[in-house]
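# Residue-level structure breakdown
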Amino acid sequence: MKNQELVDYLMSCGVCKVCQLRYLRARGSEYNDIHKSLQRLGVKVTEDQVEDEDNVISTDEQPLKKPRLSHCSTCLGIFSEDFQRELIEGIIASEFGKYDSEGIVLAITMPMSLQLRQLSMWFALQRKFGSTVHSNSPPDVPIKEAVKLILHPIICKKLDKKYDANGLVISIDLRHKVEEEEVDKLVELNRAAFPGKALRRVEISRGLLEKQYQPSRVKAETFEKYLPIPPTAVDESLSLKSVDLQGPMVCVAGRYRKLSRELSHTPWLLQGVRQMEDSIEEIIIRSVGPHFTETVPKITFMSSGREDVDVRCLGKGRPFVLEIPNSRRSTLTREQALAMEQAVDTSGKVSILNLQVVPREQAMNIKTGEEQKRKYYRALCALKEPATLEMLQKLQISESFDIQQKTPIRVLHRRPLHTRPRTIYSVKARLQRDNPLVLVIDIVTQAGTYIKELVHGEFGRTTPSFSSIIGKPIDIQALDVVGIDLDWPPEVDNSVAE
């Protein structure tokens with residue numbers, strides 16, 4: 001079949017010029033200028049056709065035309081200018097203006113009538129042009145793909161946004177008045193076309209249409225008993241049922257310092273009862289979250305490891321990330337970040353620095369190579385008898401060594417019982433000033449090492465331990481994390497103006 005013959009037939013069936021291009025398998029920029037693309041494909045375009053702008057893609061320079069009395073039989077007017085107008089107005093009338101995301105992505109739910117009409121036209125083209133139209137390969141660019149090629153760029157341009165798969169998701173639900181009647185007929189058609197499945201309850205869905213409804217599986221004669229071939233034109237275009245907005249996932253990173261020995265990492269509940277009034281997670285989120293979202297409870301807090309309740313984290317602090325879904329804001333100025341850092345500082349329990357928005361793909365940096373990182377600790381340890389020079393010498397270890405560490409009894413309620421090998425990179429002990437019963441020990445270990453058990457050995461569950469190395473009982477009185485070997489996020493001084 002020739003392109004002109006195909007277009008002439010499509011026109012006789014009430015198919016718009018955009019859909020004519022779909023059936024000519026146009027791609028990408030070919031939809032930018034309908035008439036030039038038709039001419040390039042060997043289709044004659046008359047002056048009347050050029051003036052007919054019912055379904056020509058609009059540009060900013062072209063005013064939207066008055067709607068016509070009939071709409072395309074295959075796309076139900078989804079590419080028409082009046083529908084574009086309704087769609088833009090619907091998006092703007094939503095809470096679109098409350099989101100500052102530079103990028104958007106459209107998620108359009110279309111009525112099943114559109115799929116039925118593509119199938120009807122497929123049958124019609126087979127009748128008209130015979131074997132040149134295959135039964136297994138659709139004769140057109142799928143309407144979903146065409147919507148992405150055509151509508152997405154137009155909506156982005158009119159809203160002055162760029163396409164971004166990780167941007168603001170605009171979910172658009174479309175309906176048409178013929179859908180209910182046509183779906184009811186589809187239910188009857190499904191019983192007739194697939195009688196073996198009629199005894200089972202089959203849910204009519206878009207997926208069912210895509211998988212089972214094509215000329216190789218359904219006869220045109222059966223289809224036509226319930227729905228017309230070719231599809232008929234309609235006097236109304238699609239209507240906009242709803243517009244829902246889902247803000248992007250914004251990731252905010254920084255480093256925190258834990259200054260209290262009476263603060264849990266996350267909310268601590270036992271049998272539904274809070275054990276502590278606050279946590280690191282809650283202190284940070286309530287100072288940062290409201291700037292970005294109204295759904296603060298849905299924010300996820302992640303960090304590069306964690307401390308026990310009675311352990312401080314000092315030095316440059318521990319890297320953390322907040323994953324903030326449905327974020328209305330996606331940017332953070334240094335002034336705003338500084339105000340958040342200062343708000344957290346007022347808790348007296350936690351301090352944060354280097355607060356910044358980071359790309360979503362970088363958030364997993366916090367977990368990458370987690371067990372290969374080095375961590376630096378300072379432990380205050382108590383002896384039952386005064387330290388000797390021999391003890392101190394045994395705890396001056398500059399070469400790395402490995403330990404075998406069973407899951408500590410204190411965490412068995414939340415960790416499986418395993419024996420884990422861990423590397424200790426260095427140990428350096430000194431006496432606490434004027435107290436021979438107290439040692440200050442600086443330790444560099446592989447991440448994931450249980451330091452308290454490394455010190456006292458926990459009845460031989462960690463071997464070797466400091467206790468077994470010196471041959472004397474030794475226990476830990478206080479522990480500080482003083483360094484974490486993760487150079488992320490980048491350092492930023494929010495007190496300096498941008």
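Residues numbered from 1 in each chain as written. Predicted model: local features only at pLDDT ≥ 70, side-chain atom pairs only at ≥ 80, totals over all residues. Heavy atoms only, no water.

## A short note on the confidence of the model for the protein
Here the protein averages 91 in pLDDT, while 94% of its residues score no lower than 70. Residue range residues 50–56 is modelled with pLDDT below 50. Its contacts to residues more than four positions away, or to other chains, number 23 contacts. The low-confidence segment residues 58–68 (pLDDT under 50) makes 18 contacts with residues lying over four places distant or belonging to another chain. (pLDDT = per-residue confidence, 0-100. Contact = heavy atoms within 4.5 Å.)

## Here we look at the packing of helix α1 (residues 3–12) against helix α6 (residues 112–129)
Interaxial distance between α1 and α6 falls to 12 Å at its minimum, and their mutual angle equals 130 degrees. As judged from the angle between their axes, α1 and α6 are oblique. Judged by the sense of rotation from one axis to the other, the crossing of α1 with α6 is right-handed. Residues Glu-5, Leu-6, Tyr-9 and Leu-10 of α1 form the contact with α6, whose participating residues are Met-121, Ala-124, Leu-125, Lys-128 and Phe-129. Per-class residue counts for the contact of α1 with α6 are seven nonpolar, no polar and two charged. (Axes fitted to C-alpha atoms, helices over the stretch in contact; angles between N-to-C directions. Helix = DSSP H or I, 4+ residues; strand = E, 2+ residues; numbered from the N terminus. Parallel < 35°, antiparallel > 145°, perpendicular 65-115°, else oblique. Left-handed = near helix turned anticlockwise from the far one by under 90°. Nonpolar A, V, L, I, M, F, W, Y, C, P; charged D, E, K, R; others polar.)

## A word on the domain arrangement of the protein
Taken as a whole, the protein is organised into domain 1 (68–246), domain 2 (250–367) and domain 3 (374–484). Look at where the C-alpha atoms of domain 2 and domain 3 centre, and you get two points 29 Å apart. Contacts between the two partners involve 15 residues from domain 2 and, on the opposite side, nine residues from domain 3. Taken together, both faces of the contact between domain 2 and domain 3 bury some 930 Å²; the carbon and sulfur share is 41%. Considering only the surface of domain 2 that becomes buried against domain 3, Arg-261, Asp-308 and Val-311 emerge as the three largest contributors, covering 37% of it. There are five salt bridges connecting domain 2 and domain 3. With a shortest N-O distance of 2.7 Å, Arg-312 and Asp-480 are connected by a salt bridge. At the boundary of domain 2 with domain 3, the tally comes to ten residue pairs in polar contact (both at pLDDT 80 or more). (Domains from an automatic or database assignment. Buried area = accessible area lost by both parts, 1.4 Å probe. Salt bridge = Lys/Arg side-chain N within 4 Å of Asp/Glu carboxyl O. Polar contact = N/O pair within 3.5 Å; in protein donor to acceptor, adjacent residues only side chain to side chain.)

## Regarding the packing of aromatic side chains
In this description, an aromatic ring pair is defined by two values, namely the gap between the centres and the angle between the planes. Across all of its chains, the model carries six aromatic pairs by this definition. Seen in terms of ring centroids, Phe-123 and Phe-223 are 5.2 Å apart; in terms of plane orientation they differ by 50 degrees. Their pairing is tilted. Placement of the pair is Phe-123 in helix α6 and Phe-223 in helix α10 (residues 220–224), with a sequence separation of 100 residues. Like Phe-123, the residue Phe-223 is buried in the burial classification. Ring centres 5.6 Å apart and planes at 75 degrees place the aromatic pair Phe-194 and Tyr-213 in the edge-to-face group. Placement of the pair is Phe-194 in the loop between α8 (179–193) and α9 (206–212) and Tyr-213 in the loop between α9 and α10, with a sequence separation of 19 residues. In this pair, the class of Phe-194 matches that of Tyr-213, namely buried. (Phe/Tyr/Trp six-rings, centres within 6.5 Å; stacked < 30°, edge-to-face > 60°. Buried < 20%, exposed > 50% of the residue type's maximum accessible area, 1.4 Å probe, protein only.)

## Some thoughts on the packing of helix α11 (residues 280–292) against helix α12 (residues 334–345)
Angle between the axes and distance between the axes: these two values describe a pair of packed helices. Viewed as axis vectors pointing N to C, α11 and α12 meet at an angle of 150 degrees, and their least axial separation amounts to 8 Å. When the axes of α11 and α12 are compared, the pair comes out roughly antiparallel. Along this stretch, α11 crosses α12, giving a crossing that reads as right-handed. Contacts between α11 and α12 involve Ile-283, Ile-284, Ser-287, Val-288, His-291 and Phe-292 from the former and Gln-336, Met-340, Ala-343 and Val-344 from the latter. Residues belonging to the contact of α11 with α12 are distributed by class as follows: seven nonpolar, three polar and no charged.

## Description of the side chain of His-152
Note on placement: His-152 falls in helix α7 (residues 143–158). Sequence-distant contacts of His-152, that is, excluding residues within four places in its chain, are made with Leu-106, Val-147 and Tyr-163.

## Things to note about the sheet that holds strand β3 (residues 168–175)
Taken in spatial order, the four strands of this open sheet run β2-β1-β3-β4, and their pairing is mixed. Edge strands, defined here as strands with exactly one partner in the open sheet, are β2 (162–163) and β4 (239–246). In the sheet, β3 pairs with β4 via seven bridges, with the strands oriented antiparallel. Its bridge partner being in β4, Val-169 is matched across the sheet by Gln-246. Lying over the sheet, α7 contacts β1 (103–109) and β2, oriented at roughly 135 degrees with respect to β1. (Pairing = 2+ DSSP bridges.)

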